[in-house]
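Analysis of the macromolecular model
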Amino acid sequence: MQRLLFHVWEIIKFSYPNVSRTQTSKAIHQVYMQLVDTHVHINFDVFQGNLDSLQQRWQEAGVAHLIHSCVEPKEFQGIQSIADRFPELSFAVGLHPLDVAQWQSDTAREIEALAASDRRVVAIGETGLDFYKADNQEQQILVLQQQLKIAQKLNLPVIIHCRNAAAKLNEVLTDFWQREGSVKGVMHCWGGNETETQWFLDLGFYISYSGIVTFKNAKQVQMAAKVVPSDRLLIETDCPFLAPVPFRGKTNEPSYVLHVAEQIAQLRQTPLEQIAQQTTANACRLFGIQLKNQ
Ligand SMILES: [Zn+2]
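All values derive from a computational prediction rather than experimental measurement. (Residues numbered from 1 in each chain as written. Predicted model: local features only at pLDDT ≥ 70, side-chain atom pairs only at ≥ 80, totals over all residues. Heavy atoms only, no water.)

We now examine the overall build of the chain. When you go through the chain residue by residue, the secondary structure sums to eleven helices and eight strands. Scaling as 2.2 N^0.38, a compact globule of 294 residues should have a C-alpha radius of gyration of about 19 Å, and the chain matches this with 19 Å. Within the chain, buried positions represent 54% of all 294 residues. Here the analysis covers contacts within the chain between residues at least 6 apart in sequence; of these, 72% occur between residues at least 24 apart. Within the structure as shown, the chain displays about 14100 Å² of accessible surface, and the carbon and sulfur contribution to it stands at 49%. A distance of 7 Å separates the average location of the 26 positive side-chain charges in the chain from that of its 30 negative side-chain charges. (Helix = DSSP H or I, 4+ residues; strand = E, 2+ residues; numbered from the N terminus. Rg over C-alpha atoms; globule rule 2.2 N^0.38 Å. Buried < 20%, exposed > 50% of the residue type's maximum accessible area, 1.4 Å probe, protein only. Contact = heavy atoms within 4.5 Å. Areas by Shrake-Rupley, 256 points an atom, 1.4 Å probe, with all protein chains shown as cover. Lys, Arg positive; Asp, Glu negative; His and termini not counted. Charge placed at Lys NZ, Arg CZ, Asp CG, Glu CD.)

Structure representation (structure tokens):
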């Protein structure tokens, strides 16, 4: 690799004397790197009509696969048709904790049937607990438990959304593991401190970092990101939300997952290629996907 890099740089510096070796190296490594953005919502209106250019940019950034999350079962067909266009897309089906008012007596059956209907479904979710401004905590817990049961039955991982609810979530999951057995899954867009992170690692979960880990004021999140075992680490954008620095405040998109990977690499003082390789291997293991060039 180093030799190849040297040769390419030798060639490039004759044609483009202003391009630095670092820039060249970065571009070459990107060609070899494969990233998985483990959480996107590219079915949202903000992306309508832009999906082809979005794909071009995620390919340029080395994003080889994407996991599309789902906030309500109604989205299923729309996500399916996006996956028809982009073979590098796998997806989830589930009901978000902020939408649990929609839960009805047949919703569990609906989610289970949809999940079983398409081989590209690789997870149940997103589910979880969101207690920020919530007055329906009991309902959220019930709906989470129902979705854990579906995931367990279909042997799929759960995508967990957790906001202002880590202690309760730990309690609910620990109780479920004891009564029903464990479920595999990921804490998506994770914003917990070291202690909270350890709770979910102990439950067997993967920890996925989003643009939040690049924010200046996210010191606790950054500390925790340093100590997650390398075989449990994932990266995501959660686009269109929470764009990483230097795009903070703008519409997030899958190509920006590279900035999350770069920040994780810097925090852990690990080469970017290694973070890419580890997080991609982890995503393939958790979601049971295989990349074309592997
Ligand atoms: Zn999401």
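By the definition in use, this model includes eight aromatic pairs. Ring geometry for Trp177 against Phe205: centres 5.8 Å apart, planes inclined by 45°, an arrangement best described as tilted. In this pair, Trp177 is assigned in helix 7 (residues 166-180) and Phe205 in the loop between helix 8 (194-202) and strand 7 (206-209), connecting sequence segments 28 residues apart. Of the two residues, Trp177 and Phe205, both sit in the buried class. Centre to centre, the rings of Phe247 and Tyr256 are 3.9 Å apart; their planes meet at 5°, and the pair counts as stacked. Overall, Tyr256 belongs to the buried group, its relative accessible area being 14%. (Phe/Tyr/Trp six-rings, centres within 6.5 Å; stacked < 30°, edge-to-face > 60°.)

Turning our attention to the nonpolar core. Side chains of nonpolar character tend, in soluble globular proteins, to be buried together. Core analysis: the biggest nonpolar cluster contains 79 residues, and Ile42, Phe200 and Tyr209 have the highest contact counts within it. With seven residues, helix 10 (residues 257-268) is the largest single contributor of residues to this core. In contact with Phe200, other than residues within four places in its own chain, are Ala166, Leu169, Asn170, Leu173, Met187, Trp190, Phe205 and Ile207. Counting residues in hydrophobic clusters, the runner-up holds 15 residues, among them Ala92, Val122, Cys284 and Ile289. (Core = buried A, V, L, I, M, F, W, Y, C linked by side-chain atoms within 4.5 Å.)

Side chains that differ in charge, positive against negative, can pair when their charged atoms come close. A full pass over the atoms with the stated rule returns nine salt bridges. The closest approach of N and O atoms between Arg179 and Glu180, which form a salt bridge, is 3.4 Å. Taking relative accessible area as the criterion, Glu180 reaches 34% and is therefore assigned partly exposed. Connected through salt bridges with shared partners, the residues Asp84, Asp118 and Arg120 form a single ionic network. (Salt bridge = Lys/Arg side-chain N within 4 Å of Asp/Glu carboxyl O.)

All right, on to the environment of Asn217 then. For Asn217, the position within the fold is in the loop between strand 7 and helix 9 (219-227). The exposure class of Asn217 is exposed, given its relative accessible area of 63%. Along the backbone, Asn217 and Met33 are 184 residues apart, and their C-alpha atoms lie at a distance of 29 Å.

Our next topic: the sheet that holds strand 7. Taken together, eight strands build an open sheet; the order of strands is 1-2-3-4-5-6-7-8 and the sheet is parallel. Edge positions in the sheet fall to strand 1 (35-40) and strand 8 (233-235), since each of these pairs with one other strand and no more. With strand direction ignored, the average angle separating the axes of adjacent strands in the sheet is 30°. Pairing between strand 7 and strand 8: three bridges, direction parallel. (Pairing = 2+ DSSP bridges. Axes fitted to C-alpha atoms, helices over the stretch in contact; angles between N-to-C directions.)

One turn of an α-helix holds 3.6 residues; hence residues three or four places apart share an orientation. Spanning 16 residues, helix 11 (residues 272-287) covers 22 Å between terminal C-alpha atoms, matching the ideal 22 Å at 1.5 Å per step. Among the residues of helix 11, those classed as buried are Leu272, Ile275, Ala276, Gln278, Thr279, Thr280, Asn282, Ala283, Cys284, Leu286 and Phe287. The first or second residue beyond helix 11 is Gly288, which carries a positive phi of 65°. (Expected span 1.5 Å × (residues − 1).)

Another aspect to go through is the pairing of strand 1. Counting buried residues along strand 1, six of its six residues qualify, which places the element largely inside the surrounding structure. Here four bridges tie strand 1 to strand 2 (residues 63-68), and the two strands are oriented parallel to one another. Across the sheet, Val36 pairs through a bridge with His65, a residue of strand 2. Handedness of the β-α-β unit built from strand 1, helix 3 (residues 51-60) and strand 2 comes out right-handed. (Right-handed = clockwise from strand over helix to strand, strands pointing away.)

So, on to the coordination of the zinc ion. The coordination sphere of the zinc ion, as far as protein atoms go, consists of His39 (NE2), His41 (NE2) and Glu126 (OE), spread over 2.1 to 2.2 Å. In the primary sequence, the donor residues of the zinc ion line up as H-x1-H-x84-E. (Donors = N, O, S within 2.8 Å, 3.2 Å for Na, K, Ca; no water.)

By the element assignment, His65 lies in strand 2. Of note is the side chain of His65, whose polar atom sits 3.2 Å from the backbone oxygen of Glu88. Apart from residues no more than four positions distant in its own chain, His65 is found in contact with Leu35, Val36, Asp37, Glu88, Leu89, Ser90, Ile289 and Leu291. (Polar contact = N/O pair within 3.5 Å; in protein donor to acceptor, adjacent residues only side chain to side chain.)

Purely spatial values, then, with no claim about function.
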